[in-house]
Amino acid sequence: MESSDDKKPEVDVQVLEGANFSEGEEILALPGDKIILQHIYNAEILARPKKSRDRPPGGPPGDPPSGPPGGGASSDGGRPCVDVVRGEQGRILREVESHLAARAALFERGGILVRPELATVQFAGGSEGRAPALHGQEVRAIMRVCAEHIQFRKFNIRERQWRLDNVPKELPSMIAGGAGHWPFEHIIGVVSCPTARRDGSILSAPGFDAKSGFYSFWAGGDIKIPDKPTRADAEAALEDIGFLISEFPFVDSVSHAGALSALITSVVRPALRCAPFHAISAPSAGTGKSFLVDLFAMLATGRRCPVQSVSADDLETEKQIVGALLAGYSIINLDNVNREIQSNLLCQAIERPIIQLRALGASTIIEIENTSTFFATGNALSVSGDLVRRTLLIKLDPGIERPESREFSFDPVALVAAERARYLRAVLVIVKGYLASSDRLDLPPLASFADWSRMVREPLVWLGVADPAGLIETAREGDSALQALRAVLAYLEQAFGPEQFSVGDVIGLISHADNEPALWGKRPALSEEDRGEFRELLLNVAGRSGNVNGRRLSIWLTRSEGRIIGGRKLEKGERDNHAKVFRWRIAKA
């Protein structure tokens, strides 16, 4: 059995600081002041004071005894240098984030890091190009940004001097996970032209504008605009931009006003909390719908308009819209739509200044400011549901059998590309001229679009142009849901008058033959022709497997309750407690 005297005492080994020793040796202090000499022949370990294992000699970081100057600019493109020292991650993180905020155009948007960049997009016809966008910075992207803008170095123990090193592997993840603690500016969107801020002032300098929150890719220099343009200045400017659309075959002056609205809206969109949906319809292909949107895009972005295809699958289309919104594209165009447009996401994106989105394949909800201008083109295009009151439906019709054979006497897109600054100035003079004047128009309010009315609609009407808001009625006339409701109300009123009816009564109305008495016992049944047309209507709104489904019809009636059409509306009547259903009636509004 081992005695207590045989036990070895616990040794507290310490490096003696200030001791004289040669390279390759360490002097260790042991209990009892016994000094021993330990020879170390491993070339990776050199004798040094203990604290030098964490902090190389030579004072604080940035002031080493040798190597490239730390903490300042290096000879490699003027990039700042960050010293990587074990145990000092907090300092390293703060220095790197500070350098990136100053040099790398890195911003925060919706709780993620983004950089304004030129992204690859698809144009009409299948060609590709580049468009300004906000690109989300994942860990690998942050690694690249750090490598591009900052030098890193570590102290080499063997050579006893600083040496350049790679980006620390854990650093990009630490930066990406720092939401809420970043020193980066909050960015709202990107622009590619001089534009108006919400206070009416003009943003024309390239780079980030802290006042508006937008990053500008404009490189065409300052555009001189009078502080207070006169009405004559605004009229001359209107003539300038009016020339650009003078050869498009608009069906009336209101559609012409809608095109002017689209031109101005695409330029001043950063100043608007929300903007209406500009949709362009024509009876056939080749009328210039996409060409017109290219004109809007060329003025606002300096390039033709990228397009989003519209799938037969609504979910797939909404995924594309979400991706475009997250990328911050200033113009989003749904091209060549061949069906009625009805989308809850599109309604929200058009009407709400702040929207919440979930990226494809992610569970995180991202909240962003909506800064996009939405367009759509299509033959016999129509919108439905809540989208109607948000849509300016511009109509083109050349009135010829082969519209693609029409030729323009000049190319408006090429003209804008060649003299873009001139036409941008014209747009801003119109807007600023109206805001600087003492005139104010008392136009009917347009819910959700007060900013657009003040900066686009009112300036146009002020200059004698038709009210573009009249195109909402054009969209309403083509709303199939509205037309169906109008027809159903007419048939219900014809059959039941002011009397109450149930869903079962309605289904029975289209089911019994002419020689059978009416189910309600007081009024005659519809004629066979009317009954057939009414049945087709109900199949469209509540059909299932070739029959009118009572549950679907009940849901449709509930959704249509209270909507006034032609001075009448559908309203809920008494509850039939025996049948446990509500009855309905047609009432005057």
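These numbers were taken from a predicted model, which means no experiment stands behind them. The residue numbering used here restarts from 1 in each chain and proceeds along that chain's sequence as written. With the structure being a predicted model, the display of local features is reserved for residues of pLDDT at least 70 and the display and counting of side-chain atom pairs for 80 or more, all residues being used for whole-chain, interface and lining totals. Note: side-chain values were computed over all heavy atoms of the structure, leaving out hydrogens and water.

### Points about the pairing of strand β9 (residues 161-165)
Side-chain positions along a regular strand alternate between the two faces of the sheet.
Then comes step 1: The sheet contact formed by strand β8 (residues 151-156) and β9 spans 5 bridges and is antiparallel. Among the inter-strand pairings, asparagine 156 is bridged to a residue of β9, identified as glutamine 161.
Then comes step 2: Here β8 folds back onto β9, and the loop between the two strands holds 4 residues, one of which, arginine 160, carries a positive phi near 55°. Strand pairing requires that DSSP identify at least two bridges connecting the strands. Only DSSP runs of H or I with at least four residues qualify as helices, and only runs of E with at least two residues qualify as strands; both kinds are numbered from the N terminus onward.

### Side note on the nonpolar core
Then comes step 1: Residues Ile241 and Val268 are the most contacted members of the largest nonpolar core, which totals 98 residues.
Then comes step 2: Counting residues per element, this core draws most heavily on helix α10 (residues 420-436), which supplies 10 residues.
Then comes step 3: Whether two residues are in contact is decided by their heavy atoms, any of which lying within 4.5 Å being enough. Not counting chain neighbours up to four residues away, the residues in contact with valine 268 comprise Thr195, Ala196, Val427, Leu428, Val431 and Val456.
Then comes step 4: As used in this record, nonpolar core signifies buried Ala, Val, Leu, Ile, Met, Phe, Trp, Tyr and Cys residues forming a set joined through side-chain atoms within 4.5 Å. Exposure classes here rest on a 1.4 Å probe applied to the protein chains alone. A residue is buried below 20% of its type maximum, exposed above 50%, and partly exposed in between. Formed by 27 residues, the second largest nonpolar core is a distinct cluster that contains Leu485, Val548, Ile565 and Trp584.

### With respect to helix α6 (residues 289-301)
Then comes step 1: Here the expected length of a helix is defined as 1.5 Å per residue gap, with one fewer gap than residues. The terminal C-alpha atoms of α6, which comprises 13 residues, lie 18 Å apart, in line with the 18 Å expected from a rise of 1.5 Å per residue.
Then comes step 2: Within α6, 11 of the 13 residues are buried, which leaves the element mostly enclosed by the surrounding structure.
Then comes step 3: Looking only at α6, the buried set comprises Lys289, Leu292, Val293, Asp294, Leu295, Phe296, Ala297, Met298, Leu299, Ala300 and Thr301.
Then comes step 4: Just downstream of α6, glycine 302 is the residue with a positive phi angle, here 85°.

### Description of helix α7 (residues 314-327)
Then comes step 1: Taking 1.5 Å as the rise per residue, α7 with 14 residues should run 20 Å; its terminal C-alpha atoms sit 20 Å apart, in good agreement.
Then comes step 2: Those residues of α7 that fall on the buried side of the exposure criterion are Thr317, Ile321, Val322, Ala324, Leu325, Leu326 and Ala327.

### Topic: the packing of helix α5 (residues 253-268) against α6
Then comes step 1: Direction vectors running N to C along α5 and α6 enclose 30°, while the axes themselves pass 8 Å from each other. The orientation of α5 with respect to α6, classified from their angle, is roughly parallel. Crossing of α5 against α6: the hand is right-handed. Residues Ala259, Ala262, Leu263, Ser266 and Val267 of α5 pack against Leu295, Phe296, Leu299 and Ala300 of α6.
Then comes step 2: The nonpolar class holds Ala, Val, Leu, Ile, Met, Phe, Trp, Tyr, Cys and Pro. Asp, Glu, Lys and Arg form the charged class, and all remaining residues, Gly among them, are polar. Here the contact of α5 with α6 is composed, by residue class, of 8 nonpolar, 1 polar and no charged. The axes used here are C-alpha line fits, helices contributing only the stretch in contact, and every angle between their N-to-C directions lies in the interval 0 to 180 degrees. These descriptions rest on fixed angle ranges, namely under 35 degrees for roughly parallel, over 145 for roughly antiparallel, 65 to 115 for roughly perpendicular, and the rest for oblique. Crossings are sorted by hand: turned counterclockwise from the far helix by less than a right angle, the near helix makes the crossing left-handed, and turned clockwise it makes it right-handed.

Nothing here speaks to function; it is all geometry.
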